[in-house]
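# Observations on the model geometry
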Amino acid sequence: MFELDGKVALVTGAGQGVGVGIATVLATQGAAIAVNDIDADRAANTVAAIVAAGGSAIAVPFDVTDYDAVVAGVATARAALGPVDIMVPNAGIPTAGMPQLPFVETSPELWRRLIDLNLYGVLHCAHAALPSMCERGWGRVIVISSEAGRLGLDINVALYGAGKAGAVGLLRHVAMEVAPLGVTMNALSLGLMNNVSSDWATAVARTVPRRRLGSPTDVGAAVAFLASDAADWITAQVLPVNGGSHA
Ligand SMILES: NC(=O)c1ccc[n+]([C@@H]2O[C@H](COP(=O)([O-])OP(=O)(O)OC[C@H]3O[C@@H](n4cnc5c(N)ncnc54)[C@H](O)[C@@H]3O)[C@@H](O)[C@H]2O)c1
């Protein structure tokens, strides 16, 4: 079930962490993968792993905050693999790491950086991929969001949460426009993942009803479902993937 043979997926920020899990699971389900990351070496590593496992993948390094670069990356993927059927805007953590500061101590430069990555990054990817999906009558946009975009959390990430919530607002509206054309748009709202390691993360894991943090493969499995024909009647939704927290 959830076969993706013949489909082409572009996953952003897939050079490490959650994006690797998404790209790997989609490749296992039969999709050819355009692996994006701002760091070309990381993207190449993910491509090598997918190809070594018998899958099909190419690297399309670009910065998702640069609209022209996103358009060029989607064109590169199309030329090498075919038109993008499944767009997964996943990049959302700045390369320098996630700043955690009380809102009153944040600067306009930080606001812009987090909104650029988490709202404009998604906007750029959706805008670049949707016309071809709509023209061909089939497509999937699956945004990797966060519980920080769905809930108020006491962890000093207000601007990150604002960017995530903004992207969900965007997709709910655009999903209405493209649904009649065979394209669905959904988001996954992730709880804390196991690529965050600290005493705090260990303590959070104990509070998760499932008693563990999420893995990149957990997210990949949910993306594969939403990407498949089986999820054709699911659109404009936000699915919490969080081990049962905040139910
Ligand atoms: N890790 C968590 O606990 C967690 C929790 C909730 C949501 N999320 C979301 O999951 C997604 C992936 O997070 P992660 O933990 O795997 O992050 P990560 O930092 O491990 O990896 C992110 C990758 O994105 C790349 N990247 C950064 N900026 C980019 C840009 N402008 N253009 C292209 N690539 C860029 C980085 O080089 C990196 O390889 C993000 O959207 C994040 O907000 C993560």
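These figures come from a predicted structure and were not determined experimentally.

Moving on, we get to the overall build of the protein chain. Per the secondary structure count, the protein chain includes seven helices and seven strands. In the protein chain, the succession of helices and strands from N to C terminus is β-α-β-α-β-α-β-α-β-α-β-α-α-β. In terms of C-alpha radius of gyration, the protein chain reaches 17 Å, essentially the compact-globule figure of 18 Å for 247 residues. If one aligns the C-alpha atoms of the protein chain with their principal axes, the spans along those axes are about 45 × 35 × 35 Å. Burial status across the protein chain gives 47% buried among its 247 residues. Of the contacts formed within the protein chain by residues at least 6 apart in sequence, a portion of 73% connects residues at least 24 apart. Taken as a whole, the protein chain presents about 11,300 Å² of accessible surface, with 57% of it coming from carbon and sulfur.

Below, the discussion takes up the pattern of salt bridges. When the charged atoms of two side chains with opposite charge come close together, those side chains can pair. If you walk through the whole model with that rule in mind, you get six salt bridges. Note that Glu109 is salt-bridged to Arg113, the shortest N-O span being 3.0 Å. With Glu109 and Arg113 both in helix α4 (residues 108-136) and four residues apart, the pair spans about one turn of that helix. What makes Glu109 partly exposed here is its relative accessible area of 47%. Given a relative accessible area of 33%, Arg113 falls into the partly exposed group. Between Arg140 and Asp232 there is a salt bridge; the shortest N-O distance is 3.9 Å. One end of the pair, Arg140, is in strand β5 (residues 139-146); the other, Asp232, is in the loop between α7 (216-227) and β7 (238-241), and 92 residues separate them in sequence. Using a relative accessible area of 45% as the deciding quantity, one classes Asp232 as partly exposed.

Moving on to the site of the ligand. Close contacts around the ligand come from 28 residues, with Val18, Asp37, Asn90, Tyr160 and Lys164 the closest. Interatomic distance of 3.1 Å between a backbone N/O atom of Val64 and a nitrogen atom of the ligand. When the free accessible area of the ligand is taken as 840 Å², the share hidden by the protein chains comes to 93%. Only β5 and α5 (158-178) provide two or more residues apiece to the shell around the ligand. By residue number, the principal contributor to the shell around the ligand is β5, which donates three residues. For the shell around the ligand, a count of residues per class yields 13 nonpolar, eleven polar and four charged.

We now examine the packing of aromatic side chains. Tallying each qualifying case throughout the model produces two aromatic pairs. Seen from the ring of Trp138, Lys7 lies directly overhead, with NZ or CZ sitting 3.8 Å from the centre.

Residue class for Arg140 comes out buried when judged on its relative accessible area of 1%. A polar side-chain atom of Arg140 sits 3.3 Å from the main-chain carbonyl oxygen of Ala227.

Turning next to unusual backbone geometry. The phi dihedral of Arg211 falls on the positive side, at around 65°, and the residue is not glycine. Position of Arg211 relative to the elements: it lies in the loop between α6 (199-207) and α7. Non-glycine residue His246 carries a positive phi angle of around 55°. Of note, His246 is situated in the segment after β7.

This part is about the sheet that holds strand β1 (residues 8-11). On the basis of which strands lie adjacent, the open sheet formed by seven strands has the order β3-β2-β1-β4-β5-β6-β7 and parallel pairing. At either end of the open sheet lies a strand with only one pairing partner, and these are β3 (57-59) and β7. Strand-to-strand twist of the sheet, defined as the mean angle between neighbouring strand axes without regard to direction, takes the value 20°. Note: strand β6 (residues 183-190) against β7, four bridges, orientation parallel. Looking at β7, one finds that Ala187 is bridged to Val238. Contacting β5, β6 and β7, α5 crosses the sheet at an angle of about 160° to β6.

Parameters and conventions
- Residues numbered from 1 in each chain as written.
- Predicted model: local features only at pLDDT ≥ 70, side-chain atom pairs only at ≥ 80, totals over all residues.
- Heavy atoms only, no water.
- Helix = DSSP H or I, 4+ residues; strand = E, 2+ residues; numbered from the N terminus.
- Rg over C-alpha atoms; globule rule 2.2 N^0.38 Å.
- Buried < 20%, exposed > 50% of the residue type's maximum accessible area, 1.4 Å probe, protein only.
- Contact = heavy atoms within 4.5 Å.
- Areas by Shrake-Rupley, 256 points an atom, 1.4 Å probe, with all protein chains shown as cover.
- Salt bridge = Lys/Arg side-chain N within 4 Å of Asp/Glu carboxyl O.
- Near = heavy atom within 4 Å.
- Polar contact = N/O pair within 3.5 Å; in protein donor to acceptor, adjacent residues only side chain to side chain.
- Nonpolar A, V, L, I, M, F, W, Y, C, P; charged D, E, K, R; others polar.
- Phe/Tyr/Trp six-rings, centres within 6.5 Å; stacked < 30°, edge-to-face > 60°.
- Lys NZ or Arg CZ within 6 Å of the ring centre and 35° of its normal.
- Pairing = 2+ DSSP bridges.
- Axes fitted to C-alpha atoms, helices over the stretch in contact; angles between N-to-C directions.

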